[in-house]
Amino acid sequence: MVAELCITSNFTFLTGGSHPEEYMRRAAMVGIEAIAIADVNSVAGIVRAHTQAREIARKVGERRRADDATGLIGPPRPEGVAAPPSAPIYATPRLMPAARLEFGDAPPVTVIPESRQGWASLCRILSKGRLRAEKGSCILNLSDLVDFAQGLQVILHPAQQGLAGACGASGWETHVHRLTRRFAGKMQLGLTPAYDGEDGARFAARAAEAARMGMPLVATAAPVMHQGQRRRLADVLSAVRLGCRVDALGRGAQANGERRLRSASEMARLFAGYEEALARTDWLQAQCTFSLDELRYEYPSEVARGETATERLHRLAFEGLRWRYPQGASEKVRAMLAHELALISKLNYEPYFLTVRDVVAFARSRDILCQGRGSAANSVVCYCLGVTSVSPEIGTMVFERFVSEARDEPPDIDVDFEHERREEVIQHIYERYGRHRAGLCATVVHYRGKRAIREVGRAMGLTEDTISALSSQLWGFFSVDAVQDERMREIGLDPNDRRLAQTMDLVHEIIGFPRHLSQHVGGFIMTEGRLDELVPIENASMEDRTVICWDKDDIDSLGILKVDVLSLGMLTCIRKGFDLLEQHHGMELALATIPPEDPVVYDMLCKADSVGVFQVESRAQMNFLPRMKPRNFYDLVIEVAIIRPGPIQGDMVHPYIRRRNGEETVSFPSDALGEVLGKTLGVPLFQEQAMQIAIIGAGFSPEEADRLRRSLATFKKHGSVSEFQDRFMRGMRKNGYEEDFAARCFSQIEGFGSYGFPESHAASFALLVYASAWIKCHHPGIFACALLNSQPMGFYAPAQIVRDAREHGVEVRAVDINESFWDNVMEPDGRGGLALRLGFRQIRRLREEDAAWIAAARGNGYQTVEDVWRRAGIGPHVLTRLAEADAFASLGLKRREALWETKAINSEKPLPLFAGDMDGEGIMEPAAHLPEMSMGEQVVEDYVSMRLTLRKHPVALLRHLLTPGEPNQGLMD
């Protein structure tokens, strides 16, 4: 048996020519016992290979008895030839996690962990190198490897010309002796072909050097691609990395297609005469038994004040029960709580719930509005802990959608925080757990349509005009399918041109390749022990952020704790709205205490009066609201879920409306499916319903249904639902359902492949819909003020928000040097009500710091422009921006007059001795008579300086041109 120990995947970005999954599948096909994915200074692709290895093992188990000759794994046998009953039909390769370390003071080495301790050592080494470098870089010295040597096997990779030529004889000899002392019995010398016709002599020289140093040889083909056909793509990646064209790569190109994953027979032929080197690979794979499966369940214990995690969770849950249900909880709720706590205890998930609770408790202690969503909203425990704000009684799904013994994986709780204050929560997590125990997940940025065309096109030598023309044909950012031959001809390109055809082939091939790592929007991983012994930590591009190299799918695959600390602009808006309500009306509100089921609020929504309201402010939602006519909270749950790409693509919208309006009979193909689809009138709208249809209607097992759920995962750019189609259709036919109904069901389910909501997630969002609609309905001025103070967010620009507020009877007042603050504020309107005063934040390019100085130095009010300059200490350029926004109108200065006065102020000249002595020599400058600005000019300047106007609507200035017979009151009015 042979193992390949030095594989480079495409997670050595812009170098490796194959996915980690492709290596695993290829290894299974050619019968390799074990492979080690060893990317340069990285283990970012390890989990993907590990997940593929588990999938291969699962499929092998299913196919051993079935002998599926057309399966993905293993070559088919000749027809009529059966395998011996006791012989394995397919190979199941084992993954050996590893990394290739490149040093600044020595040639590279490949390190392979023998055990969990070895993995910890490797992660500490990589963390040390990456934390001393900027994002995406790693600075390692050989001493880093010596400092963390426990549990590692090492393969040396000296330069091809010999050890002495790598760093100089004496220098490298010192390194070798230092390493052999530190890694006694665990050092190997790599024997790697260069495929240049001189491998025989090279192997002989390397064997002599190994014998002299007392190190065994180990054979490796050092593949950079899983098969030779990827050579062209590997060259393109190298050209992108080096910033040159493919035809200028020179020695940077692959000399041939030989650096590929090889079978055992090929390895034997390649290393003929060096069988001991091949035997050493088999010995190493037997020594290195570490698996990523050993990394699970390293949660923070969350033990406090002598209580175990179980005792603490039970105490907090029952305290929360009394808080949430002050009149006493129903027996149903108590039974649900007892059931959830029992299941959580059985699976040892108490620390996870406590971690999330503590993060939320910190946010609440700082008056940071937050709310859990996703499947967590279906949990009574989360509701009692204050993580979620929606009672799970509203939904119909069971707790097992959130926590399942069958899935044996931790739950996933998403918590939204105010987007302006989320950083406080993030830094609290770092401070509480330490940066050695907490870090943000990564996001793998993959090649998609536009980037693929741009970078491959440049590498292939296409002109910028051609690249721009090709990019312009993309209908969507993620697809290149729209660029067809006909469309190329339409834009003047010849699809038969050899270079262009090659480019488009490579563009399609590179789609989905990882480009680099970025930072996840908020997925935190926290551990009981050192996080940097679980996964390497590196610096993010943002200050005071550290991240790990695995993304959320990798974390899910390993079953490691993750809490999504997300930001939501509407929470900021609602918090500011609550603060204004308390300030001006003495109302203390929270998400859970807003007056429920207010018919006036639903009346407003039925009229599509929803500018600025969370989730229902888009044109599609505004069009749907009068047809939906929501009258209760669950209607809002459906409203949130139905206007999404998944339900629309699955043709669920129109059937639901027809049934809701009585235009179509509500019927169910069976009583069992009627129980699943009853609340949505027989139309599947939620992920959970798609799963239940598969289980009840098509006979899916819970495990298969869970794989279906994963393929429907929300926010996925591409689902993999179609692979279930045959299985689904067979199951529906077997259970007696008509073919048309089954096909329609699957079409609807497949719509979720791009985007679909779980019911509990929609319920959490529906609460924010109702909360924002309630504030807008009863206090439109406060809602507009809070919305403006939370920008940028939502669909609408400040001008549209202000216009909508005025249409609701709100008096909006202009920015004023003596009345405004940084934020927009509500002030008495003199008639017993409130008016909205625009703040300095609406003025473009005005800093908050300057606005704070203006407000702090104002006292009883400014009298002149120069007075603002003297007392607030702001620069003339700030005064100019204020004048351009017409902020000096209350001083009796028109816009042009204020601008004229700001131009007379120069911060570089000394202040005049007397206030009226403008030039310092007793000469008074004569007053300037400036022409009046027309209404059109005023409106234009308002939009230039503030992106909104309180004067006439711009269209009003053109109405005489648009409406025959209208009096001529145009731009000069």
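Residues numbered from 1 in each chain as written. Predicted model: local features only at pLDDT ≥ 70, side-chain atom pairs only at ≥ 80, totals over all residues. Heavy atoms only, no water.

Undergrad: Explain the sheet that holds strand β12 (residues 537-539) to me, please; I cannot follow it from the model alone.
TA: Backbone hydrogen bonds are what pair the strands of a sheet, in a parallel or an antiparallel way. Spatially, seven strands are ordered β8-β9-β14-β11-β10-β13-β12 in an open sheet, and the strand pairing comes out mixed. Pairing within the sheet leaves two strands with one partner each, and these edge strands are β8 (370-373) and β12. Here the strands of the sheet are splayed against their neighbours by 45° on average, with no regard to which way each runs. Lying on the sheet, helix α15 (residues 422-433) is in contact with β9 (413-418), β10 (438-446), β11 (514-526), β13 (546-551) and β14 (563-568); it crosses β11 at an angle near 75°. (Pairing = 2+ DSSP bridges. Helix = DSSP H or I, 4+ residues; strand = E, 2+ residues; numbered from the N terminus. Axes fitted to C-alpha atoms, helices over the stretch in contact; angles between N-to-C directions. Contact = heavy atoms within 4.5 Å.)

Undergrad: Whenever I open this one, the environment of Arg-364 confuses me. Can you help?
TA: Relative to the helices and strands, Arg-364 resides in helix α13 (residues 350-365). Judged by its relative accessible area of 33%, Arg-364 falls in the partly exposed class. When the C-alpha atoms of Arg-364 and Gly-386 are compared, they prove to be 9.3 Å apart, with 22 residues separating the residues in sequence. Excluding residues within four positions of it along the chain, Arg-364 makes contact with Cys-370 and Gly-386. (Buried < 20%, exposed > 50% of the residue type's maximum accessible area, 1.4 Å probe, protein only.)

Undergrad: Any chance you could explain a nonpolar patch on the surface here in plain terms?
TA: A surface patch of nonpolar side chains, about 390 Å² in accessible area, is lined by Val-955, Leu-958, Leu-961 and Leu-962. A relative accessible area of 62% places Leu-961 in the exposed class. (Patch = residues over 30% accessible without salt bridge, like charges linked within 9 Å, V, L, I, M, F, W, Y side chains within 5 Å. Areas by Shrake-Rupley, 256 points an atom, 1.4 Å probe, with all protein chains shown as cover. Salt bridge = Lys/Arg side-chain N within 4 Å of Asp/Glu carboxyl O.)

Undergrad: What exactly am I supposed to notice about empty space enclosed by the protein here?
TA: To locate leftover empty space, one rolls a probe as large as a water molecule over the atoms. Tallied over the entire structure, the rule returns four cavities of 30 Å³ or more. The volume enclosed by the largest cavity comes to roughly 60 Å³. Lining the largest cavity are Val-611, Lys-776, Pro-780, Phe-783, Ala-784, Leu-787, Ile-801, Asp-804, Ala-805 and His-808. Broken down by secondary-structure element, the contributors of at least two residues to the lining of the largest cavity are α33 (780-789) and α34 (798-807). Top element by residues in the lining of the largest cavity is α33. It accounts for four residues. When its residues are assigned to classes, the lining of the largest cavity shows seven nonpolar, one polar and two charged. (1 Å grid on protein atoms, 1.4 Å probe; cavity = no way out; pocket = protein on both sides within 12 Å on 5 of 7 lines; lining within 4 Å. Points joined across faces, edges and corners; volume = space filled by probe spheres on them. Nonpolar A, V, L, I, M, F, W, Y, C, P; charged D, E, K, R; others polar.)

Undergrad: Just checking my understanding: could you explain the pattern of salt bridges for this structure?
TA: Where charged atoms of side chains with opposite charge meet at close range, the side chains can pair. A full pass over the atoms with the stated rule returns 64 salt bridges. Residues Glu-455 and Arg-515 are paired through a salt bridge, measuring 3.1 Å at the closest nitrogen-oxygen approach. Taken together, the residues Glu-455 in helix α16 (residues 449-459) and Arg-515 in strand β11 connect sequence positions 60 residues apart. Residues joined by salt bridges that share partners form a network here, namely Glu-811, Arg-813, Glu-827, Asp-829, Arg-831 and Arg-837.

Undergrad: How do you make sense of the packing of helix α22 (residues 599-606) against helix α32 (residues 759-778) when you look at a structure like this?
TA: Relative placement of two packed helices is described by the angle separating their axes and the distance separating the axes. At a minimum axis distance of 9 Å, the contact between α22 and α32 shows a crossing angle of 95°. Regarding the angle of α22 to α32, the classification is roughly perpendicular. Here Val-600, Val-601, Tyr-602, Met-604 and Leu-605 of α22 come into contact with α32, specifically with Tyr-770, Ala-773, Trp-774, Lys-776, Cys-777 and His-778. Looking at the contact of α22 with α32 residue by residue, the classes come out as nine nonpolar, one polar and one charged. (Parallel < 35°, antiparallel > 145°, perpendicular 65-115°, else oblique.)

Undergrad: Is there a simple way to think about the pairing of β11 in this case?
TA: If a strand is regular, its side chains alternate between the two faces of the sheet. In terms of burial, β11 is largely enclosed, as 10 of its 13 residues are buried. Examined bridge by bridge, β11 and β14 share two bridges and lie antiparallel to one another. By the bridge assignment, Gly-523 is partnered in β14 with Asp-564.

Undergrad: Even after reading the chapter, I still don't get the sheet that holds strand β7 (residues 217-219), so can you show me in this structure?
TA: What the seven strands build is an open sheet, ordered β1-β2-β3-β4-β5-β6-β7; its pairing is mixed. Since the sheet does not close on itself, it has two edges, and those belong to β1 (3-7) and β7, each with one partner. Neighbouring strand axes in the sheet, compared pairwise and without regard to direction, differ in orientation by 30° on average. One ladder, built from three bridges, connects strand β6 (residues 187-191) with β7; its direction is parallel. Note on β7: the bridge partner recorded for Leu-191 is Ala-219. Along the sheet, helix α1 (residues 20-30) contacts β1, β2 (34-40) and β3 (94-101); its crossing angle with β2, the most-contacted strand, is approximately 155°. Across the sheet, helix α3 (residues 116-131) is in contact with β2, β3, β4 (109-113) and β5 (152-156); its angle to β3 comes to roughly 35°.

Undergrad: Can you help me understand the pairing of β1 in this one?
TA: With respect to burial, β1 is a largely interior element, five of its five residues being buried. Pairing analysis gives three bridges linking β1 to β2, with the strands arranged parallel. Looking at the pairing, Ile-7 lines up with Ile-37 of β2. In terms of handedness, the path from β1 via α1 over to β2 forms a crossover that is right-handed. (Right-handed = clockwise from strand over helix to strand, strands pointing away.)

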